Amino acid sequence: MTQSRAEFEARLRAIGAERYHDRHPFHALLHGGGCSPDQVRAWVINRYYYQHSIPMKDAAFMSRVEDPELRRRWRSRIEDHDGTDENEGGIRRWLRLATAVGLDPDYVASREGVLPATRFAVDAYVRFVRDRPLLEAVAASLTELFAPKIHEDRIAGLLKNYDFADENALSYFRNRLTEAPKDVAFGLDWVLAHADTAEKQDAATAALVFKTDVLWAQLDALHAAYVDPARIPPGAWAPGEGLAARAA
């Protein structure tokens, strides 16, 4: 049975309450000040792979969109990450965080040392958005519904617990507090309007679950490699590699 708009929105939001990666033990460790400097660096390196891939995901999505209005509305997502003449963009802001934690930003931008599971998960997300129906591709982006809280918690936790944390280092998260709600308001409205059958609602729900799995898998990989059992896979970043000269 097709759910009402309000029922379907509640169903989508319940996915975040149950499955969003703010519930992962690694984030509790990170936000609570329990991560070592090298564990923070591992997170920054691996999360960069996700940040780097988001504009490519959005470009792949736009290449399939025939509606000029939808392309116009979606275009700002690429600009938010890649930057414009007036906006340095999220990727450059993330590299400032890399510098703040003692990493060489060129090393981070090279994407060397990224965990294999991070690559698999993020690449799977890019393929999903490239290949699946537009409704599912948009629905997968709705993890942004749950992002403002994790950014707020992260800013507060990092500022409280880590010497590297200041407004310059954390500017990525500050900007996402205003960028993400804009994106998700449009995306949510689009999904609610276009998921007009029970089958489409089920497909959109499954797409959002898939995206939460992508985010969760990245943290599982980080935790296993750098926390417990601390078994770093061959080729992945090892402490001491990729440091800025001042931290070497």
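For clarity, every value in this text was computed on a predicted model and none was experimentally measured.

Conventions adopted
Residues numbered from 1 in each chain as written. Predicted model: local features only at pLDDT ≥ 70, side-chain atom pairs only at ≥ 80, totals over all residues. Heavy atoms only, no water. Helix = DSSP H or I, 4+ residues; strand = E, 2+ residues; numbered from the N terminus. Rg over C-alpha atoms; globule rule 2.2 N^0.38 Å. Core = buried A, V, L, I, M, F, W, Y, C linked by side-chain atoms within 4.5 Å. Buried < 20%, exposed > 50% of the residue type's maximum accessible area, 1.4 Å probe, protein only. Axes fitted to C-alpha atoms, helices over the stretch in contact; angles between N-to-C directions. Parallel < 35°, antiparallel > 145°, perpendicular 65-115°, else oblique. Left-handed = near helix turned anticlockwise from the far one by under 90°. Contact = heavy atoms within 4.5 Å. Salt bridge = Lys/Arg side-chain N within 4 Å of Asp/Glu carboxyl O. Expected span 1.5 Å × (residues − 1). Phe/Tyr/Trp six-rings, centres within 6.5 Å; stacked < 30°, edge-to-face > 60°. Lys NZ or Arg CZ within 6 Å of the ring centre and 35° of its normal.

Engineer: Tell me what's going on with the overall build of the chain, and back it up with residues and numbers.
Structural biologist: Secondary structure assignment for the chain yields eleven helices and zero strands. Ordered by position from N to C terminus, the α and β elements of the chain give α-α-α-α-α-α-α-α-α-α-α. Against the globule reference of 18 Å for 248 residues, the chain gives a C-alpha radius of gyration of 18 Å, in line with a compact fold. Reported as C-alpha extents along the three principal axes, the dimensions of the chain are approximately 60 × 40 × 35 Å.

Engineer: Any details on the nonpolar core? Residues and values, ideally.
Structural biologist: In summary, soluble globular proteins display a tendency toward joint burial of nonpolar side chains. Grouped together as the largest cluster of nonpolar side chains are 76 residues, with contacts concentrated most on V40, W43, V44, F61, L97, F173 and V191. Per-element accounting of this core gives the leading share, eleven residues, to helix 3 (residues 37–62).

Engineer: For the packing of helix 3 against helix 7 (residues 116–131), give the residues involved together with the corresponding values.
Structural biologist: Relative to each other, helix 3 and helix 7 sit at 15 degrees, their axes nearing to 9 Å. What the angle tells us is that helix 3 and helix 7 run roughly parallel. At the point where helix 3 passes helix 7, the crossing takes the right-handed sense. Between helix 3, through N46, Y49, Y50, S53, I54, K57, A60 and F61, and helix 7, the contact on the second element is made entirely by T118, R119, V122, D123, Y125, V126, V129 and R130.

Engineer: Go over the pattern of salt bridges with me, naming the residues and quoting the values.
Structural biologist: For side chains bearing opposite charge, pairing can occur when the charged atoms are close. If you walk through the whole model with that rule in mind, you get 19 salt bridges. Between R13 and E9 there is a salt bridge; the shortest N-O distance is 2.9 Å. Note that R13 and E9 are positioned in helix 1 (residues 5–19) at a spacing of four residues, about one turn of the helix. Exposure remark for E9: the relative accessible area of 24% places this residue in the partly exposed category. Ionic pairing is found between D202 and R11, a salt bridge with its closest N-O pair at 2.8 Å. Here the residue D202 occupies a position in helix 11 (residues 198–226), and R11 occupies one in helix 1, the gap between them amounting to 191 residues.

Engineer: Account for the environment of A147, naming residues and giving values.
Structural biologist: Position of A147 among the secondary structure elements: in helix 9 (residues 147–161). The spacing of A147 and L177 is 30 residues in sequence and 8.2 Å in space, taken between C-alpha atoms.

Engineer: Hey, could you go over helix 9 for me, with residue numbers and the actual values?
Structural biologist: Each full turn of the α-helix corresponds to 3.6 residues, which orients residues three or four apart in the same direction. For helix 9, spanning 15 residues, the distance from its first C-alpha to its last is 21 Å, which sits close to the expected 21 Å at 1.5 Å a residue. Within helix 9, burial applies to A147, P148, I150, H151, R154, I155, G157 and L158. Summarising the contacts, the buried residues of helix 9 are in contact with helix 2 (25–31), helix 3 and helix 10 (171–194).

Engineer: Which residues make up the packing of aromatic side chains, and what are the values?
Structural biologist: Centre-to-centre distance and the angle between the planes together describe a pair of aromatic rings. Considering all chains together, one arrives at ten aromatic pairs under this definition. Seen from their ring centres, W43 and F173 are 6.3 Å apart, and the 10 degrees between their planes marks the pair as stacked. One end of the pair, W43, is in helix 3; the other, F173, is in helix 10, with 130 residues separating them in the sequence. A single burial state applies to W43 and to F173, both of which are buried. The rings of W43, W94, Y172 and F173 are connected pair by pair, giving a single aromatic cluster. R77 extends its terminal NZ or CZ atom over the ring of W74, reaching a point 3.7 Å from the ring centre.

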